[in-house]
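Report on the structure
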Amino acid sequence: MNIAILCHASAGGSGVVATELAVALAKRGHQVHIVAPKRPFRLSRELDARSESFFQGMIRRIGRLLGVTPVDAAIGRERVQFHQIGTVDYPLFDDALSTLTAANTLARLVEEHHIEIVHAHYAIPHATSALLAREVSGGSFKVVTTLHGTDVTLLGLEPALRHTTRHAIEASDAVTAVSHDLARHTREAFGIHRPIHVIHNWVDPERFKPIHDPLLRARFAQPDEALLIHVSNFRRVKRPQDVIRVFARVAAKLPARLLMVGDGPERPECFALAQELEVMGRVQFLEFIPEVERVLGLADLMLMPSEQESFGLAVLEGMACGVPVVASRVGGLPEVVEEGKTGYLRAVGDIEGMAEAALEALSQPVHHQRLGEQARVRAVERFHPDVIVPQYLEVYREVLGLQ
Ligand code: GMT
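Residues numbered from 1 in each chain as written. Predicted model: local features only at pLDDT ≥ 70, side-chain atom pairs only at ≥ 80, totals over all residues.

An unreviewed UniProt entry lists the protein under the name Glycosyl transferase group 1, from Allomeiothermus silvanus.

Dropping the structure here:
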């Protein structure tokens, strides 16, 4: 199939899922075009990780210098091509008109590459751009929209976006959601009755796995210290300050360190709170790491106290690394984490409950090991790419009338 995937390239779960899907589909022999404002970071990683000859590298570099995209396919190396969404900068306008420029980029692409499916990740504004591109190009491609969470639970419900979001969901040929909870929420919040396919996110267990490297771990914690980790984009919805509060309670009871991985608006507040609670010396803030699997598997426990989490991809990636989780019982997290078996779920804002759960996991070595093992087993068995990716292919076939 010829598939165009439209996604956000910032450090958010929807862009990660879109990129991983593109690569997974390409590996299965499909031709995939990623359309985004810039090259998504996980795509860069995939491309950089592959070896190329001196000659291929030279062609790629010359191509980039000349601004010729896509270049990767031209050298026959990839079935994933990246297309950057065009931009406009006109003094009359305050915004970049990205809904229109994305539609325009797509309209050009579908003519050149006989696109059969445009898969929009995150309804806003991508599903609308995809539908507009079909109108503009007169094309017959099908539009599949994947809802990721905040496009529906927060942003899409804002009065300024509600009508267009609802229309995009109604008018898509197929809609998928990353959890049952998100599908239910979408139906209720928008009064929508159309079918929504639930397709969970997935994790590559070959990349995300436990790390047994005492020297690397020693950079972050002593052997007798528990290492806790939080990975997010530090938006308010992630409640990263709760991570600091839970950690302070844990560190008062046992030797522990905390790794705060990522960047975002709430990061300075977390700094200030760590100082106020006098745990700053035990907390290490790492900037955004494109290959988070390099540190994730070192941790003993992940904290994810989000206000809202339609799935919790970072949690699943932690579980694949054998790291049990203490998270909030919200959104799609109960579809990922099993209470008492692979981690613990507590009410949003229940700092005491989360600290108690963390202490229960960390202070009993045999129980802790079992939680980590079960977390990995669940990630590998239930959320393996070979289980999940075919579900997207099934949706594509269905909208194309191939079954
Ligand atoms: O929450 C984020 O950090 C970003 C956001 C996105 O759309 O990029 O993530 C959402 O989509 C992820 C991938 O499907 C899910 O794993 C996250 O749970 C979801 N975030 C929220 O619902 C808050």
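1. Considerations on the packing of helix 10 (residues 240–251) against helix 11 (residues 267–276)
The N-to-C vectors of helix 10 and helix 11 enclose an angle of 20°; their axes lie 9 Å apart at closest approach. Regarding the angle of helix 10 to helix 11, the classification is roughly parallel. Between helix 10 and helix 11 lies a crossing whose hand is right-handed. Where helix 10 abuts helix 11, its residues Pro240, Gln241 and Ile244 lie against Glu269, Cys270, Leu273 and Ala274. Its residues assigned to classes, the contact of helix 10 with helix 11 shows 5 nonpolar, 1 polar and 1 charged. (Axes fitted to C-alpha atoms, helices over the stretch in contact; angles between N-to-C directions. Helix = DSSP H or I, 4+ residues; strand = E, 2+ residues; numbered from the N terminus. Parallel < 35°, antiparallel > 145°, perpendicular 65-115°, else oblique. Left-handed = near helix turned anticlockwise from the far one by under 90°. Contact = placed C-beta atoms within 7 Å. Nonpolar A, V, L, I, M, F, W, Y, C, P; charged D, E, K, R; others polar.)

2. Some details on the domain arrangement of the protein
For the protein, the assigned domains are domain 1 (2–202 + 385–399) and domain 2 (214–382). Taking only C-alpha atoms into account, the centre of domain 1 sits 30 Å from that of domain 2. In this assembly, 20 residues from domain 1 lie in contact with 14 residues from domain 2. Elements with a minimum of two residues in the side of domain 1 that touches domain 2: helix 1 (13–27), helix 2 (41–49), helix 6 (150–153) and helix 8 (180–190). (Domains from an automatic or database assignment.)

3. A short note on helix 11
Inspection of helix 11 places Cys270, Leu273 and Ala274 among the buried residues, and these make up the whole buried set. One face of helix 11 carries all of its buried residues, which in axial projection span an arc of 100°. Turned more than 90 degrees away from the buried face of helix 11, the exposed residues are Pro268 and Glu276. Contacts made by the buried residues of helix 11 are with helix 10, strand 9 (256–261) and strand 10 (283–286). Remark: Glu278 follows helix 11 within two positions and exhibits a positive phi of approximately 60°. (Buried ≥ 20, exposed ≤ 12 C-beta atoms within 10 Å, placed from the backbone. Arc of directions from axis to C-beta.)

4. Side note on the environment of Gly322
Tracing the chain through its elements places Gly322 in the loop between helix 13 (313–320) and strand 12 (325–328). Take Gly322: there are 24 C-beta atoms within 10 Å of it, and that puts it in the buried class. Separated by 233 residues in sequence, Gly322 and Asp89 have C-alpha atoms that sit 47 Å apart.

5. Thoughts on the site of the ligand
Taken together, 19 residues surround the ligand, and among them Gly12, Gly13, Ser14, Gly149 and Leu313 come closest. Per-class residue counts for the shell around the ligand are 6 nonpolar, 12 polar and 1 charged. If you count residues domain by domain, the shell around the ligand takes at least three from each of domain 1 (2–202 + 385–399) and domain 2 (214–382). (Near = placed C-beta within 6 Å.)

6. Describing the sheet that holds strand 2 (residues 31–36)
Spatial ordering of the open sheet is given by 3-2-1-4-5-6-7, a layout of 7 strands whose pairing is parallel. At either margin of the open sheet sits one strand with a lone partner, and together these are strand 3 (80–84) and strand 7 (197–198). Bridge count between strand 1 (residues 2–6) and strand 4 (residues 117–121): 4 bridges; the pairing is parallel. Of the residues in strand 4, the one forming a bridge with Ala4 is Val118. Here helix 5 (residues 123–137) sits on the sheet and contacts strand 1, strand 4 and strand 5 (142–147); the angle it forms with strand 5, its principal contact strand, is near 175°. (Pairing = 2+ DSSP bridges.)

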